[in-house]
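# Coordinate analysis (summary)
So the chains spell out like this:
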Amino acid sequence: MTDQVTAADSGSTPDIQDLPDIPGKPTSASRTTLSHIMTHNDTNLLGTVHGGVIMKLVDDAAGAVAGRHSGGPAVTASMDEMAFLEPVRVGDLVHVKAQVNWTGRTSMEVGVRVLAERWNESAPATQVGSAYLVFAAVDADGKPRAVPPVLPETERDERRYQEAQIRRTHRLARRRAIRELRERRVAEGLGD
């Protein structure tokens, strides 16, 4: 992660001159679903789909949403709360649903739900995972750039927006507490 990306989610003002006012975009404008059939190439030593395969699909879907919402490149700044709820098996059709939950000036939280269903059955899909990722929009030089505000459209979108603000507050508090602890240890001569 670059210092610019860290600054984009830290609450500090990144090195950006007079960010323009950008019209907001509704949540539905960038919402997307990626689907993929799991094969034997995706398995771990236990014979189920490797968590890293699911995490890549999550990052791919979230990155597509972040790029669509921001209108250009966006990089992963952090991944929070990746939860694996059920194992995924070979032959499962996995659907990764992503949407922007919250936006700051240059960063976005993207919420992702992972669902799986058997490729040859008509039973409803089951939620097998979820994650929250923070993306920073960047320009061609890798510097932070402004993103449009997200406009929640439904009560569910509004709940997600409010929950994302809570997660951001916790991320910033955790980062601040760790930085202060490290500074205190260095001041006491304890180093890393």
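Placed above this text is the structure.
Residues numbered from 1 in each chain as written. Predicted model: local features only at pLDDT ≥ 70, side-chain atom pairs only at ≥ 80, totals over all residues. Heavy atoms only, no water.

A few words on the nonpolar core. It is characteristic of soluble globular proteins that their nonpolar side chains tend to be buried jointly. Core analysis: the largest hydrophobic core is formed by 28 residues, its most contacted members being Val58, Val110 and Val112. At 7 residues, helix H2 (residues 51-70) tops the list of elements feeding residues into this core. Apart from the residues lying within four places of it in its own chain, the contact partners of Val58 are Met79, Met82, Val96, Val112, Val114, Ala131 and Leu133. (Core = buried A, V, L, I, M, F, W, Y, C linked by side-chain atoms within 4.5 Å. Buried < 20%, exposed > 50% of the residue type's maximum accessible area, 1.4 Å probe, protein only. Helix = DSSP H or I, 4+ residues; strand = E, 2+ residues; numbered from the N terminus. Contact = heavy atoms within 4.5 Å.)

All right, on to the packing of aromatic side chains then. Counting across every chain of the model gives 0 aromatic pairs. Here the guanidinium or amino end of Arg167 rests over the ring plane of Tyr132, the centre of that ring lying 3.5 Å away. (Phe/Tyr/Trp six-rings, centres within 6.5 Å; stacked < 30°, edge-to-face > 60°. Lys NZ or Arg CZ within 6 Å of the ring centre and 35° of its normal.)

Quick look at the layout of surface pockets now. Taken as a whole, the largest pocket spans an internal volume of roughly 350 Å³. In terms of lining, the largest pocket is formed by 21 residues, of which the most central are Gln99, Gly111, Arg113, Arg156 and Arg160. Residues belonging to the lining of the largest pocket are distributed by class as follows: 4 nonpolar, 8 polar and 9 charged. Estimated volume of the second largest pocket: approximately 170 Å³. Lining of the second largest pocket is provided by Arg171, Arg174, Arg175, Ile178, Arg179 and Arg182. (1 Å grid on protein atoms, 1.4 Å probe; cavity = no way out; pocket = protein on both sides within 12 Å on 5 of 7 lines; lining within 4 Å. Points joined across faces, edges and corners; volume = space filled by probe spheres on them. Nonpolar A, V, L, I, M, F, W, Y, C, P; charged D, E, K, R; others polar.)

Attention now moves to the pairing of strand S6 (residues 126-137). Burial of S6 is extensive: 9 of the 12 residues sit out of reach of the surface. Summarising the sheet, strand S3 (residues 74-84) and S6 pair through 8 bridges and their orientation is antiparallel. By the bridge assignment for S6, Met79 is matched with Leu133. Judged from the 10 bridges that link them, strand S5 (residues 107-118) and S6 form a sheet pairing that is antiparallel. (Pairing = 2+ DSSP bridges.)

Next up on the list: the side chain of Gln99. Structurally, Gln99 can be placed in strand S4 (residues 92-103). Of the polar contacts made by the side chain of Gln99, one reaches the side chain of Asp157; its length is 3.4 Å. For Gln99, the residues in contact, after removing those within four places along its chain, are Thr27, Arg31, Val65, Glu109, Val110, Gly111, Asp157 and Arg160. (Polar contact = N/O pair within 3.5 Å; in protein donor to acceptor, adjacent residues only side chain to side chain.)

The subject of this paragraph is the sheet that holds S6. Spatially, 5 strands are ordered S2-S4-S5-S6-S3 in an open sheet, and the strand pairing comes out antiparallel. The sheet terminates laterally at strand S2 (32-37) and S3, the two strands that pair on one side only. Direction aside, the axes of adjacent strands within the sheet are offset by 25° on average. Sheet topology places S2 next to S4; 6 bridges connect them, and they run antiparallel. By the bridge assignment, His36 is partnered in S4 with Val94. Each of S2, S3, S4, S5 and S6 touches H2; the most contacted strand, S3, lies at about 135° to it. Across the sheet, helix H3 (residues 155-187) lies against S3, S4, S5 and S6, angled at about 75° from S4, the strand it touches most. (Axes fitted to C-alpha atoms, helices over the stretch in contact; angles between N-to-C directions.)

So, about unusual backbone geometry. Notably, Glu81 is not glycine yet its phi reads approximately 50°, a positive angle. On the secondary structure map, Glu81 appears in strand S3.

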